[in-house]
Amino acid sequence: MLNITMIGCGAIGVGVLELLERDPQLCVDYVIASPGSEELVRQRLACFKNPPQVLTALPADARPDLLVECAGHRAIEEHVLPALERGIACLIVSVGALSEVGLVERLEAAAELGRTRIELLPGAIGGIDALSAAKVGGLDSVNYTGRKPARAWKNTPGELVCNLDSITEATVIFQGSAREAAHLYPKNANVAATLSLAGLGLDRTHVTLIADPLSEENVHHFEARGAFGGFELSLRGKPLQANPKTSALTVYSVVRALGNHAHAISI
Ligand SMILES: NC(=O)C1=CN([C@@H]2O[C@H](COP(=O)(O)OP(=O)(O)OC[C@H]3O[C@@H](n4cnc5c(N)ncnc54)[C@H](O)[C@@H]3O)[C@@H](O)[C@H]2O)C=CC1
Ligand SMILES: O=C([O-])CC(=O)C(=O)O
């Protein structure tokens, strides 16, 4: 059995815990919450048969097999970097945090120091295996478009581009590099960052973000061209009820990755 620590327990975290209840090979012992939110998180977990312990930091003597981040960009600096230095293998969904200049190198150095690894999860997108394989032969272009219902862009800079409550047609709210998208939209452009880290890099991956009042889905579309040929993928993700910014596939991606660490066959 693998002992797991989970950072953050919101829409993704609760969804993951619900699914892991079925798997005797995976046990989440600790949930790390933001200071001040511990009681709220304990209430969220009250319905679980064996709720994890809720803390604000990993105890100094704790030695989980895996740490999985489901919290947000700040959690990478706060929890993932120190855990890597302590030799704890980490899986993260807030991949957009790696758009901060120098953070990739610091994570690499921390993992080398701790003789461990950090795994960037695909989250809401697919095709990362093919894209990163295509990169080996050389890529010419990767273009990504993220289209979400207007409500998913609340409390983002998209509110300065258009009135999200009154737009009647799909409206482009951002065009630029994946690095800029991930920085401006930390809760909506992790996919852009993941595609760029697998492919052409944060500065050469072109990103378009769209608020679509007529859509009920989070649609992730990308096209890649290179020595391998070309491919395009359109993924129409169902948003989570608990957080319309986040697609349900992100939860399943975390559960799949954790299962792959525990089970005899990984796929
Ligand atoms: N790679 C991907 O495809 C996707 C990645 N994400 C990432 O996952 C994150 C979480 O998504 P949701 O669960 O939907 O958000 P949420 O807002 O429902 O839950 C996040 C939880 O983490 C907690 N939290 C935030 N910062 C923390 C910290 N530094 N330490 C401990 N706890 C912290 C919050 O209090 C909250 O309870 C997003 O912010 C985004 O960065 C989200 C969707 C897709
Ligand atoms: O969950 C999704 O659809 C994708 C998402 O929020 C992100 O890329 O940050």
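Residues numbered from 1 in each chain as written. Chains lettered and ligands numbered in written order. Predicted model: local features only at pLDDT ≥ 70, side-chain atom pairs only at ≥ 80, totals over all residues. Heavy atoms only, no water.

## Points about the UniProt feature "binding site: NAD(+)" (unreviewed entry) in the chain
Part 1 of the argument: UniProt's entry tags A124 and N190 with the feature "binding site: NAD(+)" (unreviewed entry), counted in the numbering of this structure. Sequence-wise these annotated residues cover 67 residues; spatially they are packed, their C-alpha atoms never more than 8.7 Å apart.
Part 2 of the argument: For A124, the location among the structural elements is in the loop between strand 6 (118-120) and helix 5 (128-137).
Part 3 of the argument: Taking relative accessible area as the criterion, A124 reaches 9% and is therefore assigned buried.
Part 4 of the argument: Excluding residues that lie within four positions of it along the chain, A124 makes contacts with V191, H220, L235, S247, L249 and T250.
Part 5 of the argument: Topologically, N190 is positioned in helix 8 (residues 190-198).
Part 6 of the argument: In this view, N190 contacts H73, V93, S94, V95 and G96; residues no more than four positions away in its chain are not counted.
Part 7 of the argument: Looking at N190, its side chain comes within polar contact range of the side chain of H73, at 3.2 Å. (UniProt positions renumbered as here; feature names shortened; annotations may be inferred. Helix = DSSP H or I, 4+ residues; strand = E, 2+ residues; numbered from the N terminus. Buried < 20%, exposed > 50% of the residue type's maximum accessible area, 1.4 Å probe, protein only. Contact = heavy atoms within 4.5 Å. Polar contact = N/O pair within 3.5 Å; in protein donor to acceptor, adjacent residues only side chain to side chain.)

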